[in-house]
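Per-entry structural report
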Amino acid sequence: MTELPLANQVLARVDFDAPTDGNYERPDTEAKLDTANLITSKVALEPEIEAVTGALHKVVLDIDLPVTVLPSSTPGHHHLFIDKPMTWPTYKRLLDALADAGLIESGYRSASVERKYTAVRLPWVKKAEPVPATPDTHDNLESF
């Protein structure tokens, strides 16, 4: 069986071959993995949890542009590249929305806004290893 790109997402089924005016009928029922043909943004929650938190979503987008995702030097972190030119004011609004949604760090947004561009390390440039802390010389003195 194929591994899903996101765990714990609600799966659904829609008839892509049904006559349509370009808009597919919204699937109203969840589907099991063996019959599903859609993965939704909705996180599968226990009803009592959803009653408290409301519906939760993870980003699932149909992007009609070339994208590249590369791992960063920090394990579990990535760099996303989207091949779509835009003006600085438009890009800044995107950065603001991404930071507000918690998809990028607010400090990264702030630094980028200050310098008027975003930047990430090239894939072959790794972060320097942290220098181990040296014990304070006072800690090495023997007690008298």
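Above: the structure in question.
One structure accompanies this document, and this report is about it. Remember, predicted model here, so these are calculated numbers, not experimental data.

Digging into a nonpolar patch on the surface
A grouping of V59, L61, I63, L65, V67, V69, L80, I82 and L103 is seen on the molecular surface, where their side chains present a nonpolar patch of about 800 Å² in accessible area. Contributions of two or more residues to the nonpolar patch are made by β3 (67-71) and β4 (78-82). Its location among the elements puts L80 in strand β4.

Quick look at the packing of aromatic side chains
Overall, the coordinates contain one aromatic pair when judged by the stated rule. Between W88 and Y91, the ring centres sit 5.9 Å apart and the planes meet at 65 degrees, which makes this aromatic pair edge-to-face. Here W88 pairs with Y91, and both are found in helix α2 (residues 88-100), just three residues apart, close to one helical turn. A cation sits over an aromatic face here: R115 above Y117, 5.3 Å from the ring centre.

Structural notes on unusual backbone geometry
Even without glycine at this site, N8 takes up a positive phi of about 65 degrees. Mapped onto the elements, N8 comes out in the segment before β1 (9-12). For N8, a relative accessible area of 56% corresponds to the exposed category. Positive phi is not limited to glycine here, since K116 has a value of about 70 degrees.

Structural notes on the environment of A36
Mapped onto the elements of the fold, A36 is located in the loop between β1 and β2 (38-43). Linking A36 and R13, residues 23 residues apart in sequence, is a C-alpha distance of 4.7 Å. Excluding anything up to four places from it in sequence, A36 contacts L11, A12, R13 and A31.

Re the pattern of salt bridges
The final tally for this structure, using the stated rule, is four salt bridges. Where K42 meets E50, a salt bridge forms, and the shortest distance between an N and an O atom there is 3.4 Å. What makes K42 partly exposed here is its relative accessible area of 28%. According to the relative accessible area criterion, E50 is partly exposed, its value standing at 25%. Taking the shortest distance from any N to any O, the salt bridge between R109 and D96 comes out at 3.9 Å. With R109 in helix α3 (residues 106-115) and D96 in helix α2, this pair connects stretches of sequence that are 13 residues apart.

As for empty space enclosed by the protein
Counted according to the given criterion, the structure contains one cavity of 30 Å³ or more. Space inside the largest cavity adds up to approximately 50 Å³. Lining the largest cavity, in full, are L70, P71, S72, S73, H79, R121, L122, P123, V125 and K126. Its residues placed into classes, the lining of the largest cavity shows five nonpolar, three polar and two charged.

The rules we used
Residues numbered from 1 in each chain as written. Predicted model: local features only at pLDDT ≥ 70, side-chain atom pairs only at ≥ 80, totals over all residues. Heavy atoms only, no water. Patch = residues over 30% accessible without salt bridge, like charges linked within 9 Å, V, L, I, M, F, W, Y side chains within 5 Å. Areas by Shrake-Rupley, 256 points an atom, 1.4 Å probe, with all protein chains shown as cover. Salt bridge = Lys/Arg side-chain N within 4 Å of Asp/Glu carboxyl O. Helix = DSSP H or I, 4+ residues; strand = E, 2+ residues; numbered from the N terminus. Phe/Tyr/Trp six-rings, centres within 6.5 Å; stacked < 30°, edge-to-face > 60°. Lys NZ or Arg CZ within 6 Å of the ring centre and 35° of its normal. Buried < 20%, exposed > 50% of the residue type's maximum accessible area, 1.4 Å probe, protein only. Contact = heavy atoms within 4.5 Å. 1 Å grid on protein atoms, 1.4 Å probe; cavity = no way out; pocket = protein on both sides within 12 Å on 5 of 7 lines; lining within 4 Å. Points joined across faces, edges and corners; volume = space filled by probe spheres on them. Nonpolar A, V, L, I, M, F, W, Y, C, P; charged D, E, K, R; others polar.

No statement about biological role is implied by the geometric values presented.
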